[in-house]
Amino acid sequence: MFVLAFLARRLVQGLVIVFLVSLLIFTLLRVVPGDPVRLMAGGMAPEALIEQIATSMGLRDPILVQFGRYMGNVVQGDLGQSFVRPANGAATGGSSFNDATRGERAKVADLIFETLPMTLQLAAVTLVIALVFSTIIGVAGGLAPGRWPDKVAFYVSSIFISLPNFWLGIVLALLFSVHLGWLPAIGYNGFAYTILPAIVLAVELSPVLIRTLVSSVSSQMGQSYVSVGKVRGLGHARIVANHALRNASVPLLNLLGVQFSSLLGGVIIVEFIFDYPGLGLLTINAVLQRDFPLIQGIAIVTSAIFVVINIVVDLVATTIDPRLEY
Amino acid sequence: MDSNLTRRHFMQGAATAAVAAGFAQINPDFLISSARAQSGKPMSFLSAENITGNWDPTAHTTLSQKNIEGFVMGFLTRTPMRLDDPSEVVYELATKIELLTSTRLQISLRDGIKFHDGKPFKAEDVKATFEYGAQPDRPAQWYPGPTETLTIETPDDLTVIVDTSKGGYPAHLFIFLAAFLPIMSAKDIAAGPGGPLSQRLNGTGPFKFVAQRGNDTMLEAFDGYFKGKPGIPGINFSFVADSTTRMLSLLNGQASIVERLEPEQVTSIEGNPAIAINKVVSVENKYLWFRCSKPPFNDPRLRLAAAHAIDRSLILEVLGSAGHKSENFVSPVKFGYVDLENYPAYDPDKCQALLAEAGFPNGKGLPQLEYITSVGFYPKTKEYGEIITAMLTEQGFPVTLTVLEPAAWNERLYHRPGGGPGHMVDCGWSTGSPEPDLVLRTHFHSTSHRITGLEDAEIDASLDKERSAPTLEERGKILKTETMPLIASKMPALSLFTSVMIHAMKKELEGLYIYPDGSMDASRKMA
């Protein structure tokens, strides 16, 4: 019963969030410079044609009217058609809009759900790399506060957080791909293409995880149950693995929910640098081409993912620690 | 709640799920697909520009798609457009082109050629291509006149006669255009709008169109190519927007050839023994276009004043190897090019004299002027845009530089009723033919407007006169001595420089002929 009430409450909240994000994005897109109709119709199209197209597409109606019409379609599962991309998914420049030979435009949902798995794969590999690395560094630092492992954790996280991802991406590609030839770097033609961009994102993600782990493990090791465990004759390894780490993992879990969602934003630059065909690359091209329906669709899908992940994280955290209430 | 779910189980499950998700798309070869394991594969071309999504060659003017057409489509002739011989013609689908009279051109066609779909190439294909491409509703308006001004006769399967007498313009205009118009199949054209013409490319060129997968265009060597199957087994033509990404891809061996290198990138890889660099003076000039249909640049004296305020040698210094000196409105590889004697040089005194003559001494009284440029497509636009702004400001022009990403810039580029956005715009213009009218008439004839919005009866008359010259020799003379100097005296746009097209490629591709429009001849066997 608790679960159902929890889910119902959080889903309603989530819908409100998705709705507000959609409204915000929808409005902003229509006030920034750059008329998408001119991009669609071609720069040389006469003004009369521009207005004719804009009117026929409803782009000259008040924003709220346009938004209402758009959301009416969205609730029926229709995210619309891309303004510029053909059905084969290529990123395109505009051909003439009134050209009768123009190819069919791609459905926004198709474009998003073709690229989303690539980004989820990248995010998953990133999380694995970041978790493994952060756990090693963070737990060691937390178990030895003030000593060299703690300092290593501090310096590593300080350095990592200072590295711009676009710079690191280029340097790693030069090192591992160009000079050593170990890994491919550009585009996607198999799993190996995910590794370098995932490392870049993991470096971006790790500092927060390391600092959280250092702090929570160190805090747990100062708790009385650790001393009691020693008195009861439990070994150090068992106290750490079975008790301290379990308790220290709760803040990490909450953090992961937020970080996973922010990863979806962080992939934009990294996917662009590595030409990785995921949601990030799709987003940046959509923005550069003023492809309104695609940008809106991406915003809705990513905000929905954000909401769902946070609901799942909260649900699991509540399950692990019943004292938590959301 | 399921009380069996513990933190440990959750963490174990989450880790397993993450790994499973990560490996969901594993290529079984990934452990051996190292960065350099690319040999024996098709040539991978990374393009700086995307395509249009409509394969109809008459539906666009997009350079990257023209490059793909260069691989797939056949042309009556090709024009290498070398600096030392801009008018050189190499026959391809045609074996001979001759003027019968000033308005009748006879084209003799090569026998035994087939389209990629198996259809034999005949005169009917040339006729259908010309008649379709010249229709006024086709977005790429390359033809000298609409379809109704043309009469195309096909006395036999290997002869085409183009008669332009109904249009009143000379037939020799088709000589240079022949190297620029991809020949389509009459069968495809007959299928009408939205038919196979827009769905895929079907030509007689060395490579056959296979598929479009996302941003990758896949081509494979055509067995039936009339010069023999190319040595390169195929071409993957991919759009990669970022120049650093393109360069990294070449360096790690994933890409075979990349285009539009920045000058700094050239410097950094010049000593690399695995990389060859190709520089070619291109058909593209870069211009500072004036909005000629609205104040203050509707006054030619102010346009000339601005041109005299700009020291173009400084711009060339910024561009380094990416720029070539220009003293005309067309590239030196175009027919009729000459260094114009009256092309405005940097001369502050003349600038001030013209400003005063126009009623704006030292620029006083001029409105605030907007200069629009782009960043991310052409090399160094922002850098030299700032220099031009500074030089104009120094002479009294109150200029604000607006730097936009390509989509927003493109949206503001062209003329609109009332003049269009801003007062000056930076843009290049590139057409893969020696034909100068693809620049001059397109931009400076009153019927076009295009970017400048210029309407000038005197220039119109001169452009009509050079176009109507009965022979190429006479036309060249009129262009060099009348039309081009006249345009320079009114300066609707200042050609800043001619772009140098820079490609970098794997050493084994060295020798690949790259045309000044960026398309290339990959049909030859590799060394």
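Sequence order sets the numbering: in each chain, residues are counted from 1 along the sequence as written. Numbering of ligands from 1 and lettering of chains from A proceed in the order in which they are written. Predicted model: local features are reported for residues with pLDDT of at least 70 only, side-chain atom pairs are reported and counted for 80 or more only, and whole-chain, interface and lining totals are derived from all residues.

The name given to chain A in an unreviewed UniProt entry is Peptide ABC transporter permease, and the organism recorded there is Skermanella stibiiresistens SB22. UniProt positions are given in the numbering used here, feature names are shortened, and annotations may be inferred rather than shown by experiment. Under Sequence similarities (unreviewed entry), UniProt gives the following word-for-word description of chain A: "Belongs to the binding-protein-dependent transport system permease family." Note on chain A: under the UniProt heading Subcellular location (unreviewed entry), the record states "Cell membrane".

Participant: Would you take a moment to explain the overall build of chain B for this structure?
Facilitator: What counts as a helix is a DSSP run of H or I of at least four residues, what counts as a strand is a run of E of at least two, and both are numbered from the N terminus. Across its full length, chain B holds 16 helices and 19 strands. The quantity called the radius of gyration is restricted to C-alpha atoms. Its globule counterpart is 2.2 Å times the number of residues to the power 0.38. The C-alpha atoms of chain B give a radius of gyration of 26 Å, which matches the 24 Å a tight globule of 527 residues would have. Projected onto the principal axes, the alpha-carbon positions of chain B cover approximately 90 × 65 × 50 Å. Taking all 527 residues of chain B together, the buried fraction comes to 51%. Counted over contacts in chain B with a minimum sequence separation of 6, partners at least 24 positions apart contribute 70%. Any residue with 12 or fewer other C-beta atoms within 10 Å of its own C-beta is exposed, any with 20 or more is buried, and the rest are partly exposed; the C-beta atoms used are placed from the backbone. It is the C-beta atoms, placed from the backbone, that decide contacts: two residues are in contact if theirs lie within 7 Å.

Participant: Explain the nonpolar core here, please?
Facilitator: Nonpolar side chains tend toward joint burial in soluble globular proteins. Here, a nonpolar core denotes buried Ala, Val, Leu, Ile, Met, Phe, Trp, Tyr and Cys residues that are linked to one another through C-beta atoms within 7 Å. By size, the foremost hydrophobic cluster in this structure holds 209 residues, and its most contacted members are Leu196(A), Ile199(A), Ala178(B), Ile235(B) and Trp289(B). The element that contributes the greatest number of residues to this core is helix α8 (residues 192–221) of chain A, accounting for 17 residues. Apart from residues lying up to four places away in sequence, Trp289(B) is in contact with Met424(B), Val425(B), Cys427(B), Ile451(B), Thr452(B) and Ala493(B).

Participant: Sorry if this is basic, but what is going on with the confidence of the model for chain A here?
Facilitator: Parts of the prediction with low pLDDT should not have their coordinates interpreted in detail. Residue and element names in this part refer to chain A. Looking at chain A as a whole, its pLDDT mean stands at 84, while 88% of the residues score no less than 70. Averaged pLDDT values over the elements of chain A bottom out at 69 in helix α2 (residues 36–41) and peak at 93 in helix α6 (residues 148–162). Think of pLDDT as the predictor's per-residue confidence, scored from 0 to 100. When the criterion is pLDDT under 50, residues 94–98 qualifies, and its contacts beyond four places in sequence or with other chains add up to 22 contacts.

Participant: I'm lost on the sheet that holds strand β4 (residues 94–101) of chain B in this one. Help?
Facilitator: Each strand in a sheet pairs with its neighbour through backbone hydrogen bonds, running either in the same direction (parallel) or in the opposite one (antiparallel). All names here are of chain B. Strands are treated as partners if at least two bridges between them are detected by DSSP. If you walk across this open sheet you meet the 4 strands as β4-β5-β7-β6, and the pairing is antiparallel. A single partner strand is all that each edge strand has here, and the edge strands are β4 and β6 (151–156). With direction set aside, neighbouring strand axes in the sheet form an average angle of 20°. Here β6 pairs with strand β7 (residues 159–163) via 4 bridges, running antiparallel. What sits directly across from isoleucine 152, in β7, is valine 162. Each axis is a line fitted through C-alpha atoms, taken for helices only over the stretch in contact, and angles between the N-to-C directions span 0 to 180 degrees.

Participant: Quick question: what am I supposed to make of the UniProt feature "transmembrane region" (unreviewed entry) in chain A here?
Facilitator: The sites that carry the UniProt feature "transmembrane region" (unreviewed entry) are, in the present numbering, residues 12–32, 120–140, 152–178, 190–214, 252–274 and 294–317 of chain A. As a span, residues 190–214 of chain A carries 92% helix and 0% strand, and end to end its C-alpha atoms are 36 Å apart.

Participant: Would you explain the pairing of strand β14 (residues 369–374) of chain B in this entry?
Facilitator: Across a regular strand the side chains alternate sides, sitting on one face of the sheet and then on the other. Residue and element names in this part refer to chain B. Among the 6 residues in β14, 5 count as buried, and that is most of the element. Two elements, β14 and strand β15 (residues 399–404), share 6 bridges in a ladder whose sense is parallel. The residue of β15 that forms the bridge with tyrosine 371 is leucine 401. As judged from the 2 bridges shared by β14 and strand β16 (residues 424–429), these two strands associate in the parallel manner. Within β16, the residue paired with tyrosine 371 across the bridge is methionine 424.

Participant: Is there a simple way to think about helix α2 (residues 63–72) of chain B in this case?
Facilitator: Residues lying three or four places apart along an α-helix face the same way, a consequence of the helix completing one turn every 3.6 residues. Residue and element names in this part refer to chain B. Of all 10 residues in α2, 10 are buried; the element is thus mostly enclosed. Inspection of α2 places Leu63, Ser64, Gln65, Lys66, Asn67, Ile68, Glu69, Gly70, Phe71 and Val72 among the buried residues, and these make up the whole buried set. Packed against the buried residues of α2 are β1 (43–47), β8 (207–213), β9 (216–221), β10 (234–239) and β19 (520–521).

Participant: Please explain helix α13 (residues 406–413) of chain B as it appears in this structure.
Facilitator: Burial runs high along α13(B): 7 of the 8 residues are buried. Listed as buried for α13(B) are Ala407(B), Ala408(B), Trp409(B), Asn410(B), Glu411(B), Arg412(B) and Leu413(B).

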